[in-house]
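This is what each chain is made of:
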Amino acid sequence: MAPDTVSLRYFLVLAQELNFTRAAARIGIAQPALSARMRRLEAELGTSLLVRNTRSVALTTAGAALAESAPPALAALDRAWDTARNAGAGELGTLRIGYSLSAGAETAPALVDRLIRSSPGLEVGAVPMATPEISPAVADGRIDAGITRGEQPGRGVRRFLLRRERVGVQLAQHHPLAEHPEIEIADAAAYPLRLPDRTANPVIHDQLSALFRDTRPNPRFHTPAVSFDMFQRDLRDGLTLAPAGEAAVTALSAGLTWRPLQGAPTLTLHLVLPRVQSPLHRRILTVAKTLAHEVHWLPD
């Protein structure tokens, strides 16, 4: 059986001091207790480590060998304990996050960056996914966490509010409505409204389209042929407006701006985790909550 590490650490102090009184004082225990520890250590090893007399202490050949070999072994053991503790705290491992495309403008990158900075032992990977696929992927373990807009349905998961943001519209900087600090919902509805395909995110598609349900004449919704159209020519040309959350401001293309819709309810983003959570999941949640309050995604 290997000797206990406490006695081994005490021995290394004694090997440096070569004096029981000074070593005991440095460790913070009584001298008789240190002597008893050393006798027990020698008994466990089956060999003498120290030559004692009334005036001095010297290392035997075995003691000198142990004094040389023990420090790197203890350092390796300390690293093993740290690794276990970090894993138990959810600060070690591989983390897979799926996020809806609209969360990629600001929310997902900010959370990934915070996770990497706060837990260097985590290997974090994030991939865009169709929103309806995120909760099932979290539930069956294909990904560890998800970021979605709205209260997406799903079994086997828990959703935590991550962000609230105002609803507005993206529009061309030269558009007449861009002159207003806020835009009336009815005024925005007078123009074709650019919404992504409903299959990409039914919850948010329905929430955004419902904003204009009571306007007259009935709003005209336009779905782009390319679901993730980087160029957005129709917006740039001032032909359409695109309802969007305030995070869109951080990723506006040249020639576009964003204005809030007066009286519109907020949009929400949620962190999706499995219902049964590991230390890694709890770590994600802790970091996400801290970030959300620090950058004012949520009210205090």
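Considering the side chain of Thr148
Part 1 of the argument: As for its position among the elements, Thr148 is in strand β5 (residues 145–149).
Part 2 of the argument: For Thr148, a relative accessible area of 0% puts it in the buried group.
Part 3 of the argument: Once residues within four sequence positions are removed from consideration, Thr148 is found in contact with Ser100, Thr131, Ile134, Thr268, Leu269, His270 and Val272.

What to know about the pattern of salt bridges
Part 1 of the argument: Counted by the stated rule, this structure contains 12 salt bridges.
Part 2 of the argument: Notably, a salt bridge pairs Asp113 with Arg117, separated by 2.8 Å at the nearest N-O pair. Of this pair, Asp113 and Arg117 both sit in helix α5 (residues 107–118), separated by four residues, roughly a single helical turn.
Part 3 of the argument: Note that Glu294 is salt-bridged to Arg114, the shortest N-O span being 2.9 Å. With Glu294 in helix α10 (residues 279–294) and Arg114 in helix α5, this pair connects stretches of sequence that are 180 residues apart.
Part 4 of the argument: When salt bridges that share partners are traced, they join Glu17, Arg22 and Arg26 into one network.

A closer look at unusual backbone geometry
Part 1 of the argument: Here the phi dihedral of Leu18 falls at roughly 50°; this positive angle occurs in a residue that is not glycine.
Part 2 of the argument: Mapped onto the elements of the fold, Leu18 is located in the loop between α1 (5–17) and α2 (20–27).
Part 3 of the argument: If you check the backbone angles, His296 has positive phi at about 65° while not being a glycine.
Part 4 of the argument: Within the secondary structure, His296 is located in the segment after α10.

Quick notes on the sheet that holds strand β4 (residues 122–128)
Part 1 of the argument: Strand order in the open sheet formed by five strands is β4-β3-β5-β12-β6, and the pairing between neighbours is mixed. Each end of this open sheet is capped by a strand with a single partner; those strands are β4 and β6 (157–165). Between one strand axis and the next, the sheet turns by 20° as a mean value, whatever way the strands run.
Part 2 of the argument: Pairing geometry for β5 and strand β12 (residues 267–274), over four bridges, is antiparallel. Opposite Arg149, over in β12, you have Leu269 as the bridge partner.
Part 3 of the argument: Packed onto the sheet, helix α6 (residues 131–139) meets β3 (93–99), β5, β6 and β12 and runs at close to 155° relative to β5.

Things to note about the nonpolar core
Part 1 of the argument: Of all hydrophobic cores here, the largest spans 26 residues; its most connected members are Leu95, Ile97, Leu111, Ile147 and Leu271.
Part 2 of the argument: At the level of elements, β3, α5, β4, β5, β6, β12 and α10 are the ones that each hand at least two residues to this core.
Part 3 of the argument: Ranked by the residues each element gives to this core, the list is headed by α10, at seven residues.
Part 4 of the argument: Within the second largest apolar cluster, 19 residues are counted, among which are Leu8, Leu12, Leu14 and Ala23.

Focus: the sheet that holds strand β7 (residues 167–172)
Part 1 of the argument: With respect to topology, three strands assemble into an open sheet ordered β10-β7-β11, the strand pairing being antiparallel. Each edge of the open sheet carries a strand with a single partner, namely β10 (242–245) and β11 (256–260). The sheet shows a mean angle of 40° between the axes of neighbouring strands, direction not considered.
Part 2 of the argument: Relative to β10, β7 runs antiparallel, the two sharing four bridges. Paired with Val167 across the bridge in β10 is Gly245.

Describing α6
Part 1 of the argument: Within α6, burial applies to Thr131, Ile134, Ser135, Ala137 and Val138. Within α6, the buried residues cover an arc of 165° as seen down the axis, which keeps them to one side.
Part 2 of the argument: Buried residues along α6 sit in contact with β3, β5, β6 and β12.
Part 3 of the argument: Just past α6, the residue Gly141 takes up positive phi, approximately 85°.

Structural notes on the side chain of Ser135
Part 1 of the argument: Inspection of the secondary structure assignment puts Ser135 in helix α6.
Part 2 of the argument: Note on Ser135: relative accessible area 1%, which makes it buried.
Part 3 of the argument: Aside from chain neighbours lying at most four places away, what touches Ser135 is Gln152, Pro153, Gly154, Val157 and Val272.

Some points on the packing of α1 against α2
Part 1 of the argument: Following both chains from N to C, one finds α1 and α2 inclined at 135°, their axes separated by 9 Å at the closest point. When the axes of α1 and α2 are compared, the pair comes out oblique. Considering how the two elements wind past one another, α1 and α2 form a crossing that is right-handed. Across the interface between the two elements, Tyr10, Val13, Leu14, Gln16 and Glu17 from α1 touch Phe20, Arg22, Ala23, Arg26 and Ile27 from α2.

Considering the packing of aromatic side chains
Part 1 of the argument: What the rule picks out here adds up to one aromatic pair.
Part 2 of the argument: A centroid spacing of 6.4 Å and a plane angle of 70° characterise the contact between Phe212 and Phe221, whose relative ring orientation is edge-to-face.
Part 3 of the argument: A relative accessible area of 0% places Phe212 in the buried class.

Rules behind the numbers
Residues numbered from 1 in each chain as written. Predicted model: local features only at pLDDT ≥ 70, side-chain atom pairs only at ≥ 80, totals over all residues. Heavy atoms only, no water. Helix = DSSP H or I, 4+ residues; strand = E, 2+ residues; numbered from the N terminus. Buried < 20%, exposed > 50% of the residue type's maximum accessible area, 1.4 Å probe, protein only. Contact = heavy atoms within 4.5 Å. Salt bridge = Lys/Arg side-chain N within 4 Å of Asp/Glu carboxyl O. Pairing = 2+ DSSP bridges. Axes fitted to C-alpha atoms, helices over the stretch in contact; angles between N-to-C directions. Core = buried A, V, L, I, M, F, W, Y, C linked by side-chain atoms within 4.5 Å. Arc of directions from axis to C-beta. Parallel < 35°, antiparallel > 145°, perpendicular 65-115°, else oblique. Left-handed = near helix turned anticlockwise from the far one by under 90°. Phe/Tyr/Trp six-rings, centres within 6.5 Å; stacked < 30°, edge-to-face > 60°.

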